[in-house]
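What follows is each chain in one-letter form.
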Amino acid sequence: MLSLRLLIRELRAGQLTLLALALVVAVAAMTSTAVLTNRIDRAMVQDASALLGGDLVIRGDRPLSERWITEGQALGLETTETIEFPSIVGFDDRFELAAIKVVTEGYPLRGRLDVAAARAGQGIPTNAIPVRGTAWVDPSLASQLNVDVGDNVSVGESTLRISGILVFEPDRGGSFVSLSPRLMMNRLDLNASNLVQEGSRIRYYQLFAGEAADRFRARITPELDISQRVRGLVDGRPEVGSALTKATQYLTLAGLLTVMLSGAAIALTARRWAEDHIVDSALFRTFGLSSGAVARVFALELLSLALVASAVGVLIGYGIQIVLVDTVASFLTVSLPAPNAEPALLGLATGLVTTFGFATPALIQLHKVPPIRILKRDYPTAGPGRIVTYGLALAGLGCLSLLYTRDLPLTALVLVAVAVLVAMILIIGRVAIRIVGPLERLGPAWRFGMQQLIRDPGTSGGQLIAFSLTVLAVTMVAMIRLDLVATWEDQLPKDAPNTFALNITKADAPGFAALLTELGAESAPLYPIVRGRLETINGTVLAAHPMEDEIPGSVRRELSLTEASEQGRDNRIVDGRWFTGDDESGLVTVEAELARELNIRLGDQLAFLVGPDPVTATVVGIRSVQWDSMLPNFFMIFSPGTLDRFESTLLTSLNLPDPVAQTTAVARAFPSVTLLSIDAVLNQVRGILAKVTEAVSFVLWFVLAGGLLVLMASIQTSLPIRKKEAAILRSLGGSDRLLSQSQWAEFLVLGALAGLLAAIASELLGRVLYTQILNLEWSTFWSVWIGLPLVSALMIGTIGRWSAREARQLPPAHLLKIAES
Amino acid sequence: MTNAQVLSVSSVSHGFVDQDGQHLPILRDVSLQINQGDSVAIVGPSGAGKSTLLALLAGLDVPNQGEIRLLDQSFSTLSEDARAKARQGSVGFVFQSFQLLPGLTALENVMLPLELAGVSVKLAKQRAADWLTRVGLGARLRHRPRMLSGGEQQRTAVARAFVTDPALLFADEPTGNLDRRTGESISDLLFQLNQDTGATLVLVTHDERLASRCDRIFTLDEGQLQESTPCSV
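Report on the accompanying structure. (Residues numbered from 1 in each chain as written. Chains lettered and ligands numbered in written order. Predicted model: local features only at pLDDT ≥ 70, side-chain atom pairs only at ≥ 80, totals over all residues. Heavy atoms only, no water.)

**Description of the overall build of chain B**
Across its full length, chain B holds seven helices and 10 strands. The long-range fraction of contacts in chain B, counting pairs at least 24 apart against all pairs at least 6 apart in sequence, stands at 69%. Total accessible area on chain B stands at roughly 9900 Å², and carbon and sulfur atoms take up 44% of it. (Helix = DSSP H or I, 4+ residues; strand = E, 2+ residues; numbered from the N terminus. Contact = heavy atoms within 4.5 Å. Areas by Shrake-Rupley, 256 points an atom, 1.4 Å probe, with all protein chains shown as cover.)

Here it is, written out as structure tokens:
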């Protein structure tokens, strides 16, 4: 109770403002980061799940066994089935090949269909499916058949009335299975249509959705046969999955950096708080309290503060995410899941761990104050050593890192990195402070400024660590944000392909290319597509070839094989080489991940079967492929001429400036060419990335707030001694100008040194973070090396001088009082 | 003197070891006895060890040699925490620089020793207010130390020292930070309360006028303690 009363009194008196503020910022940052990652991540996972129609899709050439459906339902998963196959759809005397999709009640489990009431109508989201006896057609089929809502079309032996125009189908994009225009019908009409016959080319999709999807996936995957494939969120839509992973890593990293900065602010303010309470502690001992009781009084006071400030931080964190999430909610195609209590608990834990991780040294110091200190001001009061102080801070940071990332290696990496950086800054900083010493010859202001740095290397070293870490954290977070956003923009540039064109015959190719030129469309090269199966590596059948794991799913079925003379812009040779003009047929380059899984090396002989015919090729290159580029990509690309003898059609991707109108124009000119618009998918992915970008931009503010607190806390800590020195200087005739200039000199030099140290540290930390955690490419930013010391000098110079103004602006009489004390 | 002995010092020697490992003696073979209700002044030049002696007498430190008995307990053998417990409620302090908690009001500062001793807030508040009124600060209960003059701060400190009804009051240069007039009013207050409550007063001072008001005066010089001629109050 006494602790609580002390806390209230000290809060009222403003003695704990900075400490409380540092705690609130740390907790608010981590809570909002946690709620954001938790809530938006769940929303984005749902959003991305919509691109699959569910959380998990199992595809096969026959329906999934009833046993698995029952098992999925027993795990609480929702499930529904869709069936896809090509068939002719007729209206009057027109007939078009369409991709029929048969759906059952409940489809889609994630996302919504957009259906328009007429061909020219606007799509409206719906949770329904076509009712029995009706069908929905997409605008492309409606255009090719020249039908509208209300017309009857023939599908197999059935006649279905068109009841809507299917404008958007969330799980359609990117799939190369159903490339023809779409007709969607109800499962109840399937038998009457008599479309499913022995030998029909039918694909069955069983969709599952629910919390247990991952668990179910782990159980079912090993038991699937060679014709069945599982697709989940990340492997189903890599362009979204990788963005999600990186964004989550970034948010957590930024949150941890904020906690580290707030922790530094807490450590500094707690030290000041402890110093302010040394006499109080001694006084309590004279009142008869044991050292343990004194420690309990202050520990309970800190605990109460941590709980109150954490609760405030949690509320702010939740409040901020409501504002932020609401502003970006328009991007979502699914409703946001409500925030749960987990981030609140994490926030409270953050407050407690940060307080005691960073403020325990202060408590130890108060615990050790001898009562005689009340009479003898110069009686030494020993706090814990540096190793204990830094060790406790690292332990606190480690606990939090583990709580948030649940990743022990990453936590270990964070701790080692922080320890190495602090040690490096401490050592280099000490040397650097000595080197700048001669600047005192520049005049009296510089002399007083430099003396502040040189006289007490412990204090100035501590300030240098605080400032360097602040500049480093803000720089790293800003740099990573820039790079992530740039990566995402590169991934989906404005001219990203929005349409795939398939089934282009070799005869149509020249005319098709000419039309694209006329329409102003950009296109990728035309790739011939031949379906073939990989049979042997160096004469050994796959099952007998030594490889990393079991045979990857991608080669357990037929692969799309192609040949090309030019290397795709999203392909990079990581081993070997690309083809040269002198190369003959019979060479192949292999996608890097598949090559790793299959243990394929340069010079290996690969044998394929295309229908009954064998094809062999020697591996000359291993390529890394950016699968999320929306450009056509292949596991195997052969040297020109290798596939000449096989029948093939061509495939490419295009960017049509006006996709709606131009798709119709191309379809009319080349009716046999299948056009697949991925514009809607592209927009959806862009929306998700925009949302992630906003989230990552937002956390930068927290890091900045944390950094600002460190600066202020650091200066607050040194304020009493600054006031005293200012008083003495002024009593000896030092002018305001001299005091002001000496503070400028001191903080400018400290800022420049902090910027330089942060630049060195960013080179080390950046390399590790980019290459080991974020999988981004690192390149040295020379602008950082030059700009950081300058910007940091100006920033710290200004903030430092402003924060220390109290030492200059006190009335002379007051200053005298301080000098005497 | 017929009153009971409250403090006894027998053959106490004390000193420090400096940075070079040299032993620096401060007190040599000091002995004295103080009875209940006495007012005792310890005087001496700066650096003579007056504050060190006061710290030893109050149990804030233990001597290198000799024995100190406070309220029938040998402080020389007690642990620091046991000494603190022995002081609780029995010993009050007044310091040269007041040592008020800056974040607390005058009332809260005076309540503090009672709260630390486990007295209820209501009772502590009432007793603290009574004592502040008694020292002339009834109208300044809600003022923080920085809003009080030096004399008022020291009056608050005096109220805080007496609020637990201590048997012994130690004062370290109680008028050292005050002007002469204010200093005199504080010393009037101290001696008045000494008489009213019957508490023993042990003060360390440079101020000869203040010392002369005590029953007994001890002079500390070069580590030796000598009792001077008693003065009239």
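**Section: the overall build of chain A**
Regarding its fold elements, chain A presents 24 helices and 23 strands. When the 821 residues of chain A are sorted by exposure, 56% land in the buried category. Within chain A, counting contacts between residues at least 6 apart in sequence, those at least 24 apart form 82% of the total. Looking at chain A as shown, the accessible area adds up to about 34300 Å², and 58% of this sits on carbon and sulfur atoms. (Buried < 20%, exposed > 50% of the residue type's maximum accessible area, 1.4 Å probe, protein only.)

**Observations concerning the interface of chain A and chain B**
A common way to express how large an interface is: the accessible area buried when the components associate. Contact with chain A, which involves 25 residues of that partner, is made by 30 residues of chain B. With both sides pooled, the region where chain A packs onto chain B buries about 2600 Å², and carbon together with sulfur makes up 62% of that total. When residues of chain A are sorted by the area they lose upon contact with chain B, A:Arg9, A:Phe287 and A:Leu375 head the list and together hold 26% of the total. Between A:Arg285 and B:Glu80 there is a salt bridge; the shortest N-O distance is 3.1 Å. Contributions of two or more residues to the side of chain A that touches chain B are made by helix 1 (2–12) and helix 9 (278–286) of chain A. No other element matches helix 9 of chain A, which puts six residues into the side of chain A that touches chain B. Taken together, the residues that form the side of chain A that touches chain B break down as 13 nonpolar, five polar and seven charged. (Buried area = accessible area lost by both parts, 1.4 Å probe. Salt bridge = Lys/Arg side-chain N within 4 Å of Asp/Glu carboxyl O. Nonpolar A, V, L, I, M, F, W, Y, C, P; charged D, E, K, R; others polar.)

**With respect to a nonpolar patch on the surface**
A cluster of nonpolar side chains, A:Ile88, A:Phe95 and A:Leu97, forms an exposed patch at the surface whose accessible area comes to about 300 Å². Topologically, A:Phe95 is positioned in strand 3 (residues 94–103). (Patch = residues over 30% accessible without salt bridge, like charges linked within 9 Å, V, L, I, M, F, W, Y side chains within 5 Å.)

**Remarks on the nonpolar core**
Residues A:Phe284, A:Ile480, B:Leu57 and B:Phe170 are the most contacted members of the largest nonpolar core, which totals 148 residues. With residues up to four places along the chain from it excluded, the contact list for B:Leu57 reads B:Leu7, B:Val9, B:Leu32, B:Ile42, B:Ile68, B:Leu70, B:Phe170 and B:Val202. Core analysis: the next-biggest nonpolar cluster, separate from the first, contains 35 residues, B:Ala106, B:Leu114, B:Ala128 and B:Trp131 among them. (Core = buried A, V, L, I, M, F, W, Y, C linked by side-chain atoms within 4.5 Å.)

**A word on the packing of helix 21 (residues 736–773) of chain A against helix 22 (residues 782–803) of chain A**
Residues and elements named next belong to chain A. Put simply, helix 21 and helix 22 touch, their axes get as near as 6 Å, and they point 145 degrees apart. The crossing of helix 21 and helix 22 is right-handed. Within the contact of helix 21 with helix 22, the residues separate by chemical class into 16 nonpolar, nine polar and two charged. (Axes fitted to C-alpha atoms, helices over the stretch in contact; angles between N-to-C directions. Left-handed = near helix turned anticlockwise from the far one by under 90°.)

**Overview of the pairing of strand 7 (residues 152–155) of chain A**
The side chains of a regular strand alternate between the sheet's two faces. All names here are of chain A. Residues Val153 and Val155 line the buried face of strand 7, whereas the alternating positions Asn152 and Ser154 sit on a face that is not buried. Sheet topology places strand 2 (residues 78–91) next to strand 7; two bridges connect them, and they run antiparallel. Its bridge partner being in strand 7, valine 89 is matched across the sheet by valine 155. The sheet contact formed by strand 7 and strand 8 (residues 158–168) spans four bridges and is antiparallel. If you follow serine 154 over to strand 8, its bridge partner there is threonine 159. Between strand 7 and strand 8, which pair antiparallel in sequence order, lie two residues; one of them, glycine 156, sits at a positive phi of approximately 60 degrees. (Pairing = 2+ DSSP bridges.)

**A few points about the environment of A:Ala690**
Residue and element names in this part refer to chain A. With respect to the element layout, alanine 690 can be found in helix 19 (residues 679–717). The partly exposed category is assigned to alanine 690, whose relative accessible area is 28%. Sequence spacing of alanine 690 and valine 485 is 205 residues, and the spatial spacing of their C-alpha atoms is 8.8 Å.

**A word on the sheet that holds strand 2 (residues 23–35) of chain B**
Residue and element names in this part refer to chain B. Spatially, four strands are ordered 2-1-4-5 in an open sheet, and the strand pairing comes out antiparallel. Each edge of the open sheet is held by one strand with a lone partner, namely strand 2 and strand 5 (73–74). Summarising the sheet, strand 1 (residues 5–17) and strand 4 (residues 65–70) pair through five bridges and their orientation is antiparallel. Counted as the bridge partner of serine 10 is glutamate 67 from strand 4.

**Let's talk about unusual backbone geometry**
Going from A:Tyr107 to A:Pro108, the amide bond is cis rather than trans, its omega being -10 degrees. Locating A:Pro108 in the fold gives a position in the loop between strand 3 and strand 4 (113–116). Notably, B:Asp29 is not glycine yet its phi reads approximately 50 degrees, a positive angle. Counting through the fold element by element, B:Asp29 comes out in strand 2.

**Some thoughts on the pairing of strand 14 (residues 527–537) of chain A**
All names here are of chain A. Taken across its 11 residues, strand 14 has eight buried, putting it largely inside the fold. The sheet contact formed by strand 14 and strand 22 (residues 649–655) spans three bridges and is antiparallel. Counted as the bridge partner of tyrosine 527 is leucine 651 from strand 22. In this sheet, strand 16 (residues 559–563) lies alongside strand 14 in antiparallel orientation, the contact comprising three bridges. Across the sheet, arginine 531 pairs through a bridge with serine 560, a residue of strand 16. Taken together, the four bridges between strand 14 and strand 19 (residues 605–610) define a ladder with antiparallel strand orientation. Following the sheet pairing, arginine 533 is matched in strand 19 by leucine 609. Pairing analysis gives two bridges linking strand 14 to strand 15 (residues 540–541), with the strands arranged antiparallel. Across the sheet, residue threonine 536 finds its bridge partner in strand 15, namely valine 541. Taking the residues that link successive antiparallel strands as the turn, the strand 14-strand 15 hairpin has two residues, and the phi of asparagine 538 there is positive, at about 50 degrees.

**A closer look at the sheet that holds strand 7 (residues 168–172) of chain B**
Residue and element names in this part refer to chain B. The mixed open sheet is built from six strands, whose spatial order is 6-7-8-3-9-10. Of all strands in the sheet, those bounded by a partner on one side alone are strand 6 (91–94) and strand 10 (224–227). Taking each pair of neighbouring strands and ignoring which way they run, the sheet shows an average axis angle of 20 degrees. In the sheet, strand 7 pairs with strand 8 (residues 200–204) via five bridges, with the strands oriented parallel. Following the sheet pairing, phenylalanine 170 is matched in strand 8 by valine 202. Across the sheet, helix 1 (residues 50–57) is in contact with strand 3 (39–43), strand 7, strand 8, strand 9 (216–221) and strand 10; its angle to strand 7 comes to roughly 160 degrees. Sheet contacts for helix 6 (residues 180–197): strand 3, strand 7 and strand 8; angle to strand 8, the most-contacted strand, approximately 155 degrees.

**Topic: the pattern of salt bridges**
Residue and element names in this part refer to chain A. With the rule as written, the count across this model stands at 24 salt bridges over all chains. Lysine 101 serves as the salt-bridge partner of glutamate 169, at 2.8 Å between the closest nitrogen and oxygen. With glutamate 169 in the loop between strand 8 and strand 9 (182–186) and lysine 101 in strand 3, the pair connects residues that are 68 residues apart, well separated along the chain. Overall, lysine 101 belongs to the buried group, its relative accessible area being 1%. Where salt bridges share partners, they join Glu84, Lys101, Glu169 and Arg182 into one cluster.

**Description of the packing of aromatic side chains**
Per the counting criterion, the structure on display carries 10 aromatic pairs over all chains. Taken together, a centroid distance of 5.7 Å and an interplanar angle of 15 degrees make the contact between A:Phe284 and A:Phe298 stacked. In this pair, A:Phe284 sits in helix 9 while A:Phe298 sits in helix 10 (residues 291–328), placing the two residues 14 residues apart along the sequence. The class for A:Phe298 is buried, based on a relative accessible area of 0%. Consider the rings of A:Trp578 and A:Phe579, whose centres lie 4.8 Å apart with planes at 45 degrees: the pair is tilted. Of the two residues examined, A:Trp578 and A:Phe579, each falls in the buried class. Of the aromatic side chains, those joined through ring pairs into one cluster are A:Trp68, A:Phe208 and A:Phe216. In this structure, A:Arg67 is placed above the aromatic ring of A:Trp68, and the distance from its NZ or CZ to the ring centre is 4.4 Å. In this arrangement the basic side chain of B:Arg134 is found over the ring face of B:Trp131, its NZ or CZ atom lying 4.3 Å from the centre. (Phe/Tyr/Trp six-rings, centres within 6.5 Å; stacked < 30°, edge-to-face > 60°. Lys NZ or Arg CZ within 6 Å of the ring centre and 35° of its normal.)

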